[in-house]
Each structure stands twice: as C-alpha cells, then as structure tokens.
Amino acid sequence: MTERLRTPAPQLQGPPQGAADVTYHRLMSMLARSSAQYRIIDHPPEGRTDLASELRGHRLESAAKCMVVQVRMSHGEDHHVLAVVPGHRRVDLRRIRKLYGGSDATLGDRDEAERLTGCRSGCIIPFSFDEALPLVVDADLLTNEEIYFNAARLDRSIALRTTDYVTLGRPRVATVAK
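Residues numbered from 1 in each chain as written. Predicted model: local features only at pLDDT ≥ 70, side-chain atom pairs only at ≥ 80, totals over all residues. Heavy atoms only, no water.

**Points about the overall build of the protein**
The cut-off we apply is this: Under the DSSP-based scheme used, a helix requires at least four consecutive residues in state H or I and a strand at least two consecutive residues in state E, with every element numbered from the N terminus. For each residue, the accessible area found with a 1.4 Å probe, counting protein chains only, is set against the maximum for its type, and the residue is called buried under 20%, exposed over 50%, and partly exposed in between. Throughout, a residue-residue contact means that at least one pair of heavy atoms, one from each residue, lies within 4.5 Å. Each accessible area is a Shrake-Rupley estimate made with a 1.4 Å probe; only the visible protein chains count as cover when residues are assessed.
From N to C terminus, the protein includes 5 helices and 9 strands. Going from the N terminus to the C terminus, the protein shows its helices and strands as β-α-β-α-β-β-α-β-α-β-β-β-α-β. Every one of the 178 residues in the protein was classed for burial, and the buried ones make up 49%. Long-range pairs, those at least 24 residues apart, make up 71% of the contacts in the protein between residues at least 6 apart in sequence. For the protein, the exposed surface amounts to about 8800 Å²; the carbon and sulfur share of it is 48%.

This is the structure we're talking about:
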C-alpha cells in the first residue's frame, strides 16, 4: 500500500474505464485545483467499507459510506439522494424519507445508482456531480478531522480534511444514519 501527499498534478495511473473513469478524473481535478488538504492512498482493490478502512489504516467511523436512496414522492414521482454516513453506521431510510418529504424511501437500484454517480458500486464518492442527485451527509461523519473514501476506484482512496470536504461538496447536513 502506498500513500502520497497531494501534488499539484496527481498521476492518473490506470483508472477504470467508462463513466467511472470520467468521475475519477473529475474528482482528482477538483481536488488538484482546490486548496484542499488530502492524501491519495493506493491499496489492493476493495469495495467493502470495513475492509477498505482496514487497508487504509483508519477507524471505521471516519469512512464515508455512500448510498443512493430512492425517495418516492406522494404524487408518484421518484427522486434520488446521495446519502453519506459514517462507515460503522447504516442509512436511516425513514429519516431520508421525512427529510425530503417522501412517502417511501428505499436503497436505489444498483444500475441507477451507478448511472447517477458515475461510479461502480463499492466505490461511490461522497460528491455529486449530477444536479438530479442531491447530497446529504450525516452530521456525525463531520466530527472527524479527516474522512476517507474510495476515489471512484476500488484500488485508490482519498483521505480528505473534513472542513475541505464540506467546502467542496456543499452537502446538506442532517441526521441520516442509524
């Protein structure tokens, strides 16, 4: 496993193909252009939050677990939300439903989640580059000095200062974990 500090122009070696490739490059470009403090962590491919956290060497509480939630509105229309919770917790679908005024909430369909996020399942990033996908983060995740997440790849992660995450991602902050 290698860990590198932020460089002005990060080396982009072997990202996945397709939409995940675009999302990976967009994420890395956003970080490189910002004044954010972050580290790139290369590791064996892993999509499970608990195992990725072990590989990266941090507490599970500081991992950003990202899930796409489908919210059904009372008039039958569906909306999707990107919910980010601490790695040791689960998304509270009831709270998401209430927060967005829906009649029901379920975990989003895998294909739809991958389309909306531009990431394969297991490496969804805690940023939304799609206007149709609002971002909400659980307040407890933001108590960590840094958050960790896969960088739209199973074999590369980012450790990002939490205050920089909030500045770059501009998430809605609410209690959405159980």
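Moving on, there is more to tell.
**Description of the packing of aromatic side chains**
What counts is decided by this rule: Think of it this way: a Phe, Tyr or Trp ring, Trp meaning its six-membered ring, pairs with another when their centres are within 6.5 Å, and the plane angle makes it stacked under 30 degrees, edge-to-face over 60, tilted otherwise. Definition used: whenever NZ (Lys) or CZ (Arg) falls within 6 Å of the ring centre and also within 35 degrees of the ring normal, the charge is taken to sit over that ring.
Counted according to the given criterion, the structure contains 2 aromatic pairs. Summarising the aromatic geometry, the rings of F127 and F149 are spaced 6.0 Å apart at their centres and angled 70° between planes, so their arrangement reads as edge-to-face. Pair noted here: F127 is in the loop between α4 (110-117) and β6 (135-138) and F149 is in strand β7 (residues 146-150), with a separation of 22 residues, a long-range link. Per residue, the accessibility class of F127 equals that of F149, and both read buried. Grouping aromatic residues by their ring pairs yields a cluster made of F127, F149 and Y165. A cation sits over an aromatic face here: R153 above Y24, 4.9 Å from the ring centre.

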